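Take a look at the letters that make up each chain.
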Amino acid sequence: MVPLQAYLTLAAFIFSCGLYGALARRNAIAMLMAVELMLNAVNINLVAFWRYGPNREDLAGQTFAIFVIAVAAAEVAVGLALVIAIYRSRKTVYLDEIDLLQG
Amino acid sequence: MEQFSLLAPEILLFTGGLVIFLIDVFARDRTDSGRGYATLALFTLSVAFVASLFQTYAFFELEVAQKPAAVLNMLEIDLFAALLKAPIILVMILITMAGSTYMNKRTERRGEFWSFFVWVTLAMSAALSASNLIMLYVAIEFLSITSYLLAGFLRDNQRSAEAGLKYFLYGAVASAAMLYGMTFVYGATGTLDLKGIAAYIAANDTSVLVPALLPATMFVMVGLGFKATLAPFFQWAPDTYDGAPTPVTIYLSTASKAIGLAVTARVFVVSMNALLVDWVPVMAGLSILTMTMGNLMALRQRDVKRMLAYSSVAHAGYLLIGITAVAAGTESYMDGINGLLIYLIAYMFTNVGAFLVVMVLEERANRTDIGAFEGLYRRAPALAVMLTVFLLSLAGIPATAGFWGKFFVFGAAVQRQYFWLAGAGVVNAGIAAWYYVNVVRVMYFGERETDAEPVSMPIGMGAVLVVCTLVVFWIGLYPDPLIEWATTASEQLLSVGS
């Protein structure tokens, strides 16, 4: 059987990739994709912890994972709408060029 | 049935928002003035406010209802939640009354706006009571996603769209980090229930749990700190507050921030107290960093709306002192949490007032820089006097509400002998007083625009400003009831945690 550590390591790796992408990329769409990676890492963690945890019958971890998936979908829908709104008026999705508000 | 009556405010808010949304979907009238939608929103919020008042009253007066009630093991309806829920709904009512003209003039999708506005109140009242990590996440995310939409609601306005996008990108990363932390809390304790987590920690060897839970809690703090605009996660706040439609800015800087701090308090007091880790250095560090950065940035601003945005970041720092100095189980008069509650309630009404005055001037001159306030006293004496009251209350001058908030929060730090923390707070309050008083000085002694016509404002706006002023003076001059309520609420919360 695959040990719990393997799942956690995979999740940590994916989460780090996502976090790096979210902090390093200046393209709003790429940042959105990076955030999705982070959320997927969270889901791997949740399901792995549920599978190896003490209370397997209460399904808390799996339930949480399903909520995360549903909420992430809503979040992306709103996020893309905001990106499109910006793109229509500014013709760019690069955050360095979206700089009306600063100081 | 018992459980549903406990959820009365939430059910009312949900239904009201849905009704507005459905009317809008079926009417599809882009030329509608929007006054009907705003009135419906106002009505829903008022009914929910009355329901939450009854709830608060029941907790205080009826012996049977003294114990917090859990609903579906997901929500904990206790005094702490009830005492914040009523003021938060009242703040949303005030914003609706004052901001409906502003909003209806600027957008065509009025029905959508007001239904989201009601639902965002629902999200906040759910977050206040959440006692399970799933519920906590869903409520906070509900609040965030609705707020992204509202901040970027004027999508043809480049500033509003940019405010929404920046808020969204920071918020998405912060909430993913918070979730990652929550998974480790779940992995270490095997439960998602806040009290279950506390029970597990208390029953097991903490030296084994600390290495897993300490970093996990720090990740959770990222998400909550983002909502509460704590350093170093506050960079979105000034930009979003500046660009978002002003009614949205007002609730983001008051009610939404209150949720961030209230949830932080609940998570740390209820579930993490048993960990026996010394949180003080971390929390105190965040607190000092937040207030210092907020104040230093506010000092540099020439734009009053932006200055208030940075000053509201600084206030989050003062508020965090209350959570840092939590003293559970002691006989102390100031236990930190009651300071947090008093400060939050005082701050919300003060800040709503201050932002509304800015909104009046924005409506008139379409600018919010300090120049727009020059000689305001001669053009609109009532407005200038009320703004003076709000700014003095934000600075924490005695006889205003803000004084008692600072008194109890700093007092809690002193009582626990964190003199350096209280000292940092007082120094910061001094810096803050400088830029608040500067606006007051400009209003009374500024020279320009003396010949400009007087500023008029709608009746609704005037009424709301008067209500805010009265609340500020009521808490400032006669704080006893509020102190008593807050102390009872904090004792109840702390007794759960210890």
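Every chain is numbered independently, its residues counted from 1 as its sequence is written. Note on labels: chains are lettered from A, ligands numbered from 1, in written order. For this predicted model, a pLDDT threshold of at least 70 governs which residues receive local features, and a threshold of 80 or more governs which side-chain atom pairs are given and counted, while totals over whole chains, interfaces and linings are taken from all residues. Side-chain metrics in this entry use all non-hydrogen atoms of the structure; hydrogen atoms and water are not considered.

Draft legend 1. Broad picture of unusual backbone geometry. Residue and element names in this part refer to chain B. Cis geometry marks the peptide bond from Ala231 to Pro232; its omega dihedral reads -5°. Helix and strand assignments come from DSSP, with helices taken as H or I runs of at least 4 residues and strands as E runs of at least 2, each series counted from the N terminus. Relative to the helices and strands, Pro232 resides in the loop between helix 9 (206–227) and helix 10 (236–243). Even without glycine at this site, Ala399 takes up a positive phi of about 80°. For Gln417, which is not a glycine, the phi torsion comes out positive at approximately 65°. Relative to the assigned elements, Gln417 resides in the loop between helix 17 (401–415) and helix 18 (419–445).

Draft legend 2. Looking closely at the nonpolar core. What makes a nonpolar core is a set of buried Ala, Val, Leu, Ile, Met, Phe, Trp, Tyr and Cys residues whose side-chain atoms join them at distances within 4.5 Å. Under the scheme applied here, a residue whose accessible area is under 20% of the maximum for its type counts as buried, over 50% as exposed, and between as partly exposed, the area being computed with a 1.4 Å probe on protein chains only. Phe64 of chain A together with Tyr251 and Phe373 of chain B are the most contacted members of the largest nonpolar core, which totals 236 residues. With residues near it in sequence (within four places) discarded, Phe373 of chain B still touches Val304, Val358, Leu361, Thr368, Arg379, Leu387, Val442 and Met443 of chain B. Pairs of residues are marked as contacts when any of their non-hydrogen atoms sit within 4.5 Å.

Draft legend 3. Main features of the pattern of salt bridges. The term salt bridge refers to a side-chain nitrogen of Lys or Arg lying within 4 Å of a carboxyl oxygen of Asp or Glu. Enumeration over the complete set of coordinates arrives at 16 salt bridges over all chains. Asp239 of chain B serves as the salt-bridge partner of Lys166 of chain B, at 3.0 Å between the closest nitrogen and oxygen. A residue pair is termed long-range when its members are at least 10 positions apart, and Lys166 of chain B in helix 7 (residues 158–189) and Asp239 of chain B in helix 10 qualify at 73 residues. Note on Lys166 of chain B: relative accessible area 17%, which makes it buried. Where Arg367 of chain B meets Asp369 of chain B, a salt bridge forms, and the shortest distance between an N and an O atom there is 2.9 Å. Residue Arg367 of chain B is classed as partly exposed on the basis of its relative accessible area of 29%. A residue is classified by how much of its surface remains accessible, and Asp369 of chain B, at 27% relative accessible area, is partly exposed. Here the residues in one salt-bridge network are Arg90 and Asp99 of chain A together with Arg159, Glu162, Lys166, Asp239, Asp242 and Arg306 of chain B, joined through shared partners.

Draft legend 4. Representation of the interface of chain B and chain A within the structure. With 42 residues of chain B at the contact, the number on the chain A side is 42 residues. A 1.4 Å probe defines the accessible area here, and the buried area is the portion of it lost by two parts on being joined, summed over both. A combined buried area of about 3700 Å² lies between chain B and chain A, and 77% of that area is made up of carbon and sulfur atoms. Run the count over chain B and chain A and you get one salt bridge. Note that Arg90 of chain A and Glu162 of chain B form a salt bridge whose closest N and O atoms lie 3.5 Å from each other. At the level of secondary structure, the elements contributing two or more residues to the side of chain B that touches chain A comprise helix 6 (133–151), helix 7, helix 10 and helix 13 (304–324) of chain B. It is helix 7 of chain B that contributes the most residues to the side of chain B that touches chain A, 22 residues altogether.

Draft legend 5. Region of the structure containing the side chain of Thr246 of chain B. Residue and element names in this part refer to chain B. Position of Thr246 among the secondary structure elements: in helix 11 (residues 246–272). Assessed through its relative accessible area of 0%, Thr246 is described here as buried. Here Tyr102 takes part through its side chain, which lies 3.1 Å from a polar atom of the side chain of Thr246. Filtering out sequence-adjacent residues up to four positions away, Thr246 remains in contact with Tyr102, Lys305, Phe355, Met359 and Glu362. Polar contacts here mean pairs of N or O atoms no more than 3.5 Å apart (in protein, one a potential hydrogen donor and the other a potential acceptor; neighbouring residues in sequence count only if both atoms are side-chain atoms).

Draft legend 6. View of a nonpolar patch on the surface. Residue and element names in this part refer to chain B. Together, Phe14, Leu18, Leu22, Val25 and Phe26 make up an exposed nonpolar region whose accessible area comes to about 460 Å². Tracing the backbone through its elements, the reader meets Leu18 in helix 2 (residues 8–27). For Leu18, a relative accessible area of 31% gives the class partly exposed. Residues enter a patch when their relative accessible area is above 30% and they make no salt bridge; the linking distance is 9 Å between like charges and 5 Å between nonpolar side chains (Val, Leu, Ile, Met, Phe, Trp, Tyr). Note on areas: Shrake-Rupley, 1.4 Å probe, and residue coverage restricted to the protein chains presented here.

Draft legend 7. Here's a closer look at the UniProt feature "transmembrane region" (unreviewed entry) in chain A. Residues and elements named next belong to chain A. UniProt positions are given in the numbering used here, feature names are shortened, and annotations may be inferred rather than shown by experiment. Per the UniProt entry, the sites bearing "transmembrane region" (unreviewed entry) are residues 6–23, 30–52 and 64–87 in this numbering. In residues 6–23, the share of helix is 100% and the share of strand is 0%. The end C-alpha atoms are 26 Å apart. A helix fraction of 100% and a strand fraction of 0% characterise residues 30–52, whose end C-alpha atoms lie 33 Å from each other.

Draft legend 8. Inspection of the confidence of the model for chain A at higher detail. Confidence scores labelled pLDDT are given residue by residue by the predictor and lie between 0 and 100. Overall, the predicted model of chain A reaches an average pLDDT of 92, with 99% of residues at or above 70. Element-level pLDDT for chain A is lowest in helix 3 (residues 60–90) of chain A, with a mean of 93, against a maximum mean of 95 in helix 1 (residues 4–24) of chain A.

Draft legend 9. Region of interest: the packing of aromatic side chains. All names here are of chain B. Note on aromatic pairs: the rings of Phe, Tyr and Trp (six-membered ring only in Trp) are paired at centre separations within 6.5 Å, and the planes decide the class, stacked below 30 degrees, edge-to-face beyond 60, tilted for the rest. Under the counting rule described, the total for this entry stands at 30 aromatic pairs over all chains. Geometrically, the ring pair formed by Tyr180 and Phe184 is edge-to-face, given 5.2 Å between the ring centres and 80° between the ring planes. Within this pair, Tyr180 and its partner Phe184 are both found in helix 7, separated by four residues, close to a single helical turn. Residue Phe184 is classed as partly exposed on the basis of its relative accessible area, which comes to 22%. Residues Phe403 and Phe407 carry aromatic rings whose centres are separated by 5.7 Å and whose planes lie at 25° to one another, so their mutual orientation is stacked. Taken as a pair, Phe403 and Phe407 lie in helix 17 at a separation of four residues, close to a single helical turn. Phe403 gets classed as partly exposed once you look at its relative accessible area, which sits at 22%.

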